[in-house]
Amino acid sequence: MRYLVSLNKDAAFKKVFGNKFIAKAFLEDMLNVKIQSIELLERDNKITDAASVVRFDFRCRIDDQDVIIEVQQDNFNYLVKRFYLYHCLSTSLQLEVIKDRTYTEPLTGKEYHVKRYAELRPVISIIWMAEHNWGFKEDFIEFNLYPKLVADFIADDAIWKQDKETLLNLRNELLHYLKKSDYNLDFHAENRLIYVFQTNVVKNKRNQKYAQWFEFAQKTRDVENKASDFEPYIHNSIFSDMIQRLCTQWMEPQELRQMIGDEAYFAAKKLEEEDRESDRRFQIFDQFYQIYGDQLDADRAAERLKTTMAYQEMGVKERALLAANAKLEQLEQKNKEAAEKASLLLKKAEEKTKKAEEKAKKAEEKAKKEKIALLKAEKEKQAQVLKAEKEKQAQVLKAEKEKQAQVLKAEKEKQAQVARLKIVQKMLDKGNSVEIIADLLDASVEQVKEWITMLKK
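Undergrad: Just checking my understanding: could you explain the overall build of the chain for this structure?
TA: A tally of helices and strands in the chain yields 16 helices and 10 strands. Across the 457 residues of the chain, 30% fall into the buried class. Here the analysis covers contacts within the chain between residues at least 6 apart in sequence; of these, 64% occur between residues at least 24 apart. Put simply, the chain shows about 31000 Å² of open surface, and 52% of that area lies on carbon and sulfur atoms.

Dropping the structure here:
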């Protein structure tokens, strides 16, 4: 079974980026900024009474900007218009928090309430394209609102036939428009739509800070990914948290079905409704294992079958309860019994939920302990390396000192020998015999003869 579910799946993406620390780290790497504060915003919003609910994959506020991130796997010709609409909606939703400014008409004394539009923040939309690159070779393509004069300058062939000085003058005039901040005109360019192409980032390998996020996501797409694929990330606290959130080994069956797919669940449910109990169990197991046969061994499939059956049985009893409610007048006694059974099921479901929460808590504590153990082992390893290096340096220093001491000793002995030979020479010059010299210098006759021989050389 795959080790991590795909980060490009909506459910997995929302589970990971629901953590503000992970979201903050990604945006800092992607936008190359340092974020002082981040606030997660509501993802589901109903814009008008007639409009359906608009669901953003991710929406937050960083410092003085609003940010949305949309993950897209399929390729449709309306995507640009859709994401531009989302971009505009993120601007419009700020009306919910922008405060009103109250002023009184001097002549009539009537009060008016006007939005403080000066508080409106620019929006950055990041569209995370998981599979398609629309023919671009770059890691990402960014769109801003700039004066049309800029586009005309680039597209007009007649302009580029003029001399260099004329072109530079035109460019300087356009720079004036780009830098113009009067009346908040620069607000247009502060709004950005960034289309990031995951496959290009992985292929180009430009070693940018944001690249590791898309390389990680690409690895999670492999249906046969394993723990060893993510070893380079385990020492990074942010990515180790992401690994924990995406790991299939720590997911409850219901969540795992949501992440991987519901085919097995619905196939089993259909067979449950059509067949009798004795034949049904075998057929459900067979269908379940056919779908996940390349991912699960027989024991895991059987374990998940039991869980699937529990959900199916609960669904049957709930439908029975609804049918009893529809026949309330005729089947009053049966309806009461069904209600008691529903209560019992609810109690069991609550107990199961409680056990699941306790299991998740234990898993989280275990992960924390493992993380602490890894950090401790790494520190001990670094301490050992540092100790070995210090011992090596101490040995080198000791050897150097011993060598210097030997050289100094040899030099002193050499100087003493030269001084001794000078004394012997002077005593010989004064007519002293070998025996007298030996006696005066407290040496043997043989030593004195040897010194005399050295003087002759």
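Still more to cover.
Undergrad: Is there a simple way to think about the environment of Met251 in this case?
TA: As for its placement among the helices and strands, Met251 is situated in the loop between helix H9 (237–246) and helix H10 (253–260). Residue Met251 is classed as buried on the basis of its relative accessible area of 8%. A sequence separation of 105 residues divides Met251 from Ala356, and the C-alpha atoms of the two residues are 9.7 Å apart. Ignoring anything within four residues of it in the chain, the contact list for Met251 reads Val5, Lys15, Arg245, Leu246, Leu256 and Met259.

Undergrad: Teacher, can you tell me more about the layout of surface pockets here?
TA: Which parts of space are left empty comes out when a probe the size of a water molecule is rolled across the atoms. As a volume, the second largest pocket reaches approximately 410 Å³. Along the wall of the second largest pocket there are 19 residues; nearest its centre are Ile234, Ser240, Ile243, Glu370 and Leu374. Looking at the lining of the second largest pocket, the elements that each hand over two or more residues are H9 and helix H14 (332–429). The biggest single contributor to the lining of the second largest pocket is H14, with 5 residues.

Undergrad: Explanation requested: the sheet that holds strand E4 (residues 58–62) in the structure shown.
TA: Working definition: the strands of a sheet are paired by backbone hydrogen bonds and lie parallel or antiparallel to each other. The 6 strands lie next to each other as E1-E4-E5-E8-E10-E9, forming an open sheet whose pairing is mixed. The open sheet has two edge strands, strand E1 (38–40) and strand E9 (140–144), and neither has a second partner. Each adjacent strand pair in this sheet contributes to an overall mean axis angle of 20 degrees, direction not counted. Lying over the sheet, helix H1 (residues 10–17) contacts E1, E4, strand E5 (65–72) and strand E8 (123–129), oriented at roughly 150 degrees with respect to E5.

Undergrad: What am I meant to see in the pairing of strand E6 (residues 100–104) here?
TA: As judged from the 5 bridges shared by E6 and strand E7 (residues 111–115), these two strands associate in the antiparallel manner. The partner of Asp100 across the bridge, within E7, is Lys115. Hairpin connection between E6 and E7: a loop of 6 residues separates the two successive antiparallel strands, and Gly109 in this loop has a positive phi of roughly 75 degrees.

Undergrad: What is the right way to look at helix H2 (residues 20–31) in this model?
TA: Counted at 1.5 Å a residue, the expected span for H2 with its 12 residues is 16 Å, and the 16 Å between its end C-alpha atoms agrees. Of all the 12 residues making up H2, 9 are buried; the element is thus mostly covered by neighbouring parts of the structure. Listing the buried residues of H2 in full gives Ile22, Ala23, Ala25, Phe26, Leu27, Glu28, Asp29, Met30 and Leu31. Here H2 starts with a cap whose side-chain oxygen sits 2.9 Å from the backbone nitrogen of Phe21, and that cap is Asn19. Asn32 sits one or two residues past H2 and shows a positive phi near 55 degrees.

Undergrad: Explanation requested: a nonpolar patch on the surface in the structure shown.
TA: On the surface, Val80, Trp134 and Phe136 cluster together into a nonpolar patch covering about 240 Å² of accessible area. By the element assignment, Val80 lies in helix H3 (residues 79–92).

Undergrad: So what exactly am I meant to see when it comes to the side chain of Asn19 here?
TA: Tracing the backbone through its elements, the reader meets Asn19 in the loop between H1 and H2. Since its relative accessible area comes to 14%, Asn19 is described here as buried. Beyond its immediate chain neighbours, meaning those up to four positions away, Asn19 contacts Asp241 and Arg245.

Undergrad: Explain the packing of aromatic side chains here, please?
TA: Aromatic rings in a pair are described by how distant their centres are and how their planes are angled relative to each other. Counting across every chain of the model gives 27 aromatic pairs. For the ring pair Phe17 and Phe58, a centre distance of 5.9 Å and an interplane angle of 70 degrees mean the geometry is edge-to-face. You can see Phe17 sitting in helix H1 and its partner Phe58 sitting in strand E4, a full 41 residues away along the chain. The two residues Phe17 and Phe58 agree in class, both being buried.

Undergrad: What exactly am I supposed to notice about the pattern of salt bridges here?
TA: Pairs may arise between side chains of opposite charge once their charged atoms sit close together. With the rule as written, the count across this model stands at 13 salt bridges. In this structure, Glu142 and Arg192 form a salt bridge, with 2.7 Å as the shortest nitrogen-oxygen distance. Of this pair, Glu142 sits in strand E9 while Arg192 sits in strand E10 (residues 192–197), and the two are 50 residues apart along the sequence. Its salt-bridge partner being Asp229, residue Lys226 comes within 3.6 Å of it at the nearest N-O pair. When salt bridges with common partners are traced through the structure, they connect Glu39, Arg61, Asp66 and Arg121 into a single cluster.

Undergrad: Help me understand the packing of H1 against H10 in this model?
TA: Relative placement of two packed helices is described by the angle separating their axes and the distance separating the axes. Closest axis-to-axis distance for the H1/H10 pair is 7 Å, and the angle between their directions is 120 degrees. As judged from the angle between their axes, H1 and H10 are oblique. On H10, the residues touching Ala11, Ala12 and Lys15 of H1 are Glu255, Gln258 and Met259. Among the residues forming the contact of H1 with H10, the class breakdown is 3 nonpolar, 1 polar and 2 charged.

Undergrad: Honestly, the confidence of the model for the chain in this entry has me stumped. Any pointers?
TA: Interpreting fine coordinate detail is not advised for predicted regions of low pLDDT. Mean pLDDT over the chain stands at 82; residues scoring 70 or higher make up 83%. Confidence drops under pLDDT 50 across residues 263–272; counting only partners more than four residues distant or on other chains, this segment forms 24 contacts.

Thresholds applied
Residues numbered from 1 in each chain as written. Predicted model: local features only at pLDDT ≥ 70, side-chain atom pairs only at ≥ 80, totals over all residues. Heavy atoms only, no water. Helix = DSSP H or I, 4+ residues; strand = E, 2+ residues; numbered from the N terminus. Buried < 20%, exposed > 50% of the residue type's maximum accessible area, 1.4 Å probe, protein only. Contact = heavy atoms within 4.5 Å. Areas by Shrake-Rupley, 256 points an atom, 1.4 Å probe, with all protein chains shown as cover. 1 Å grid on protein atoms, 1.4 Å probe; cavity = no way out; pocket = protein on both sides within 12 Å on 5 of 7 lines; lining within 4 Å. Points joined across faces, edges and corners; volume = space filled by probe spheres on them. Pairing = 2+ DSSP bridges. Axes fitted to C-alpha atoms, helices over the stretch in contact; angles between N-to-C directions. Expected span 1.5 Å × (residues − 1). Polar contact = N/O pair within 3.5 Å; in protein donor to acceptor, adjacent residues only side chain to side chain. Patch = residues over 30% accessible without salt bridge, like charges linked within 9 Å, V, L, I, M, F, W, Y side chains within 5 Å. Salt bridge = Lys/Arg side-chain N within 4 Å of Asp/Glu carboxyl O. Phe/Tyr/Trp six-rings, centres within 6.5 Å; stacked < 30°, edge-to-face > 60°. Parallel < 35°, antiparallel > 145°, perpendicular 65-115°, else oblique. Nonpolar A, V, L, I, M, F, W, Y, C, P; charged D, E, K, R; others polar. pLDDT = per-residue confidence, 0-100.

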